[in-house]
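Okay, here's what each chain looks like letter by letter:
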Protein chains: 2
Amino acid sequence: MATGRTHRPATRSRGIPEATVARLPLYLRALTALSERSVPTVSSEELAAAAGVNSAKLRKDFSYLGSYGTRGVGYDVEYLVYQISRELGLTQDWPVAIVGIGNLGAALANYGGFASRGFRVAALIDADPAMTGTPVAGIAVQHTDDLDRIISDNGVSIGVITTPPGAAQQVCDRLVAAGVTSILNFAPTVLSVPDGVDVRKVDLSIELQILAFHEQRKAGEEAAAEGVAVVDADAGAGQAPPVRATPTGRKGPDGDMPAVMPA
Amino acid sequence: MATGRTHRPATRSRGIPEATVARLPLYLRALTALSERSVPTVSSEELAAAAGVNSAKLRKDFSYLGSYGTRGVGYDVEYLVYQISRELGLTQDWPVAIVGIGNLGAALANYGGFASRGFRVAALIDADPAMTGTPVAGIAVQHTDDLDRIISDNGVSIGVITTPPGAAQQVCDRLVAAGVTSILNFAPTVLSVPDGVDVRKVDLSIELQILAFHEQRKAGEEAAAEGVAVVDADAGAGQAPPVRATPTGRKGPDGDMPAVMPA
DNA sequence: ATGTCTTTGTGAACGCGTGCACAAAGATAG
DNA sequence: CTATCTTTGTGCACGCGTTCACAAAGACAT
């Protein structure tokens, strides 16, 4: 998901596969629920079902962390919660700064799941001077001018970008310059960062478009199954015919191409 | 990312790899930017740089759609925008329903990038009777009781779940029963759905935990590089020592395990 | 028309992730 | 102590995705 991911192919000391790391939070969530119900142990089969994964995959994932299970019994819930929490670095507190306090930024600041597992909203930053000092989720918004100092003073190493796309790269650069080495990007932009900085992106628009692709394919298959004439995918949407620009003597800038994108 | 993904191994008619589909929106965004600047053609190298991917990968991705490039020149921007839009199903309008109008749901309803590319917020649904009728982003919130009718009347096939985790599965079931076949889940829960329904999830908490993992690893490597004694990962965070529950005669429910999770 | 130069499209090799299937380990009963 | 039963941990094979490297294709100059 991360765009500017640094893969660190050789330096990887404790070789935990990326795919496994991405599933650990899932296991942790399921285990926490079991813990709250005071369930002492759980088998790989049960836990896998709760996390929505294959049990063999779960066992292999845990094998990367060490042998924490007991054959014939299963895994000790509390112990596993502790081990995964430690592996994910959740035994320490992570101060997080949110930059861009619009609709989404404010929603994230108010999001409960934030404060819970080891993460603490340490600062809210916005470029709008009118926002400065306004409390959001009980925290006063600070101005972008002080970004460097805010990051340094609070020891922030994880930044969340919820700015408009145009400002994202600039904010990213400033965060990195101030010492942030992990960025969660909600802005629909490709961020470029130096080596050693991790970027993960959350993109509503992309997710919807992926769903739309499958949705369209499902509709097409359904139509085909019902005997409706589906000549080719080119005729799929019944849209204006695509006028291919001739390779040589390409059409001028008159732009009579079909205007596909609504905005 | 989807948990209940139906992989449809054989039925896949036009074999476009899932990884490629996930990148098409990225290409489309870069191409749209070029289009707005009236750039007529672009090479795979340039476009790949703009999208943050390898150029060979981009060419292979496009090869699944067909041969839309011209050797020695590159790709026609407008034509490619059209082809990708059609492939993703963005040449038609997708009415979307958002269920759970809290902080996040309201933020998404107000999100501009929603309405742009072919997606239209057709309905906002919430279980709180006090919310019913209240306009959010210019749309009146409707009550959960009418969910079935709302979905049917508006021909909604894509649902967005932004409810608290406890309500997510129930809402999901009702959406599916009403005819929704694609779900974007923001609730931190594993959704189980029947075959033929696609689920994609967006999980802030998981993303942060993945970042924390890498952040911790970076800090550990840095410390090791500076000559600080790092005995073992077990001593990494300097936390309370993990007391392994003895397999047999496991400790009683007195719960003197380290309380790792803050909440 | 011919040659050069650019860029695409793809064959092939490689590596990662997944899932099966089973041996080893330990619990539990007799 | 022995036998049986449950469940883990993992060797192995397979398939997908990525990347390299290059031949083919076309633009463009002469």
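Residues numbered from 1 in each chain as written. Chains lettered and ligands numbered in written order. Predicted model: local features only at pLDDT ≥ 70, side-chain atom pairs only at ≥ 80, totals over all residues. Heavy atoms only, no water.

Some thoughts on the packing of aromatic side chains
Given two aromatic rings, their pairing is described by the distance between the two centres and the angle made by the two planes.
All names here are of chain A.
Part 1 of the reasoning: Under the criterion given, the structure shown has six aromatic pairs over all chains.
Part 2 of the reasoning: Consider the rings of Tyr27 and Phe62, whose centres lie 5.2 Å apart with planes at 80°: the pair is edge-to-face. Of the two residues, Tyr27 is situated in helix α1 (residues 18–36) and Phe62 in helix α3 (residues 55–65); the sequence distance between them amounts to 35 residues.
Part 3 of the reasoning: Relative accessible area serves as the criterion here: at 0%, Tyr27 is assigned to the buried category.
Part 4 of the reasoning: Under the relative-accessibility criterion, Phe62 is labelled buried at 2%.
Part 5 of the reasoning: The structure contains a cluster of three or more aromatic residues connected by ring pairs, namely Tyr27, Phe62 and Tyr75. (Phe/Tyr/Trp six-rings, centres within 6.5 Å; stacked < 30°, edge-to-face > 60°. Helix = DSSP H or I, 4+ residues; strand = E, 2+ residues; numbered from the N terminus. Buried < 20%, exposed > 50% of the residue type's maximum accessible area, 1.4 Å probe, protein only.)

Thoughts on the side chain of Ser44 of chain A
All names here are of chain A.
Part 1 of the reasoning: When you line up the elements, Ser44 lands in helix α2 (residues 44–51).
Part 2 of the reasoning: With a relative accessible area of 11%, Ser44 lands in the buried category.
Part 3 of the reasoning: Reaching out from Ser44, the side chain makes a polar contact with the side chain of Arg59 at a distance of 2.9 Å.
Part 4 of the reasoning: The residues contacting Ser44, other than those within four sequence positions of it, are Ser55, Leu58, Arg59 and Tyr75. (Polar contact = N/O pair within 3.5 Å; in protein donor to acceptor, adjacent residues only side chain to side chain. Contact = heavy atoms within 4.5 Å.)

Here's the deal with the sheet that holds strand β3 (residues 74–76) of chain A
All names here are of chain A.
Part 1 of the reasoning: Pairing is antiparallel in the open sheet, where three strands are placed in the order β1-β3-β2. Every other strand in the sheet has two partners, leaving β1 (41–42) and β2 (69–70) as the edge strands with one partner each.
Part 2 of the reasoning: In this structure, β1 lies alongside β3, joined through two bridges in antiparallel fashion. Residue pairing across strands places Val42 opposite Tyr75, the latter belonging to β3. (Pairing = 2+ DSSP bridges.)

Some remarks on the confidence of the model for chain A
Part 1 of the reasoning: Per-residue confidence for chain A gives a mean pLDDT of 85, with 81% of residues at or over 70.
Part 2 of the reasoning: Across residues 231–263 of chain A the pLDDT falls below 50, and counting only partners more than four positions away or on other chains, this stretch makes 44 contacts in the model. (pLDDT = per-residue confidence, 0-100.)

Considerations on the sheet that holds strand β2 (residues 69–70) of chain B
All names here are of chain B.
Part 1 of the reasoning: Taken in spatial order, the three strands of this open sheet run β1-β3-β2, and their pairing is antiparallel. Strands at the two margins of the open sheet, each flanked by one partner only, are β1 (41–42) and β2.
Part 2 of the reasoning: As paired strands, β2 and strand β3 (residues 74–76) are joined by two bridges and run antiparallel to one another. Across the sheet, residue Gly69 finds its bridge partner in β3, namely Tyr75.

A look at the packing of α1 of chain A against α3 of chain A
Residues and elements named next belong to chain A.
Part 1 of the reasoning: Packing of α1 against α3 brings their axes to within 10 Å, and their N-to-C directions diverge by 105°. Overall, the two elements α1 and α3 adopt an arrangement that is roughly perpendicular. The residues of α3 that touch α1, namely those facing Thr20, Arg23, Leu24 and Tyr27, are Lys57, Leu58, Asp61, Phe62, Tyr64 and Leu65.
Part 2 of the reasoning: Classifying every residue of the contact of α1 with α3 gives six nonpolar, one polar and three charged. (Axes fitted to C-alpha atoms, helices over the stretch in contact; angles between N-to-C directions. Parallel < 35°, antiparallel > 145°, perpendicular 65-115°, else oblique. Nonpolar A, V, L, I, M, F, W, Y, C, P; charged D, E, K, R; others polar.)

Things to note about the pattern of salt bridges
Part 1 of the reasoning: Counted by the stated rule, this structure contains 16 salt bridges over all chains.
Part 2 of the reasoning: Across the pair Asp203 of chain B and Arg29 of chain A runs a salt bridge, and its minimum N-O distance is 2.8 Å. Of the two residues, Asp203 of chain B is situated in the loop between β10 (198–201) and α9 (204–225) and Arg29 of chain A in helix α1; the pairing between them involves two chains.
Part 3 of the reasoning: Judged by relative accessible area, which is 4%, Asp203 of chain B ranks as buried.
Part 4 of the reasoning: A relative accessible area of 18% places Arg29 of chain A in the buried class.
Part 5 of the reasoning: In this structure, a network of salt bridges that share partners links the residues Asp146, Arg149 and Asp153 of chain A. (Salt bridge = Lys/Arg side-chain N within 4 Å of Asp/Glu carboxyl O.)

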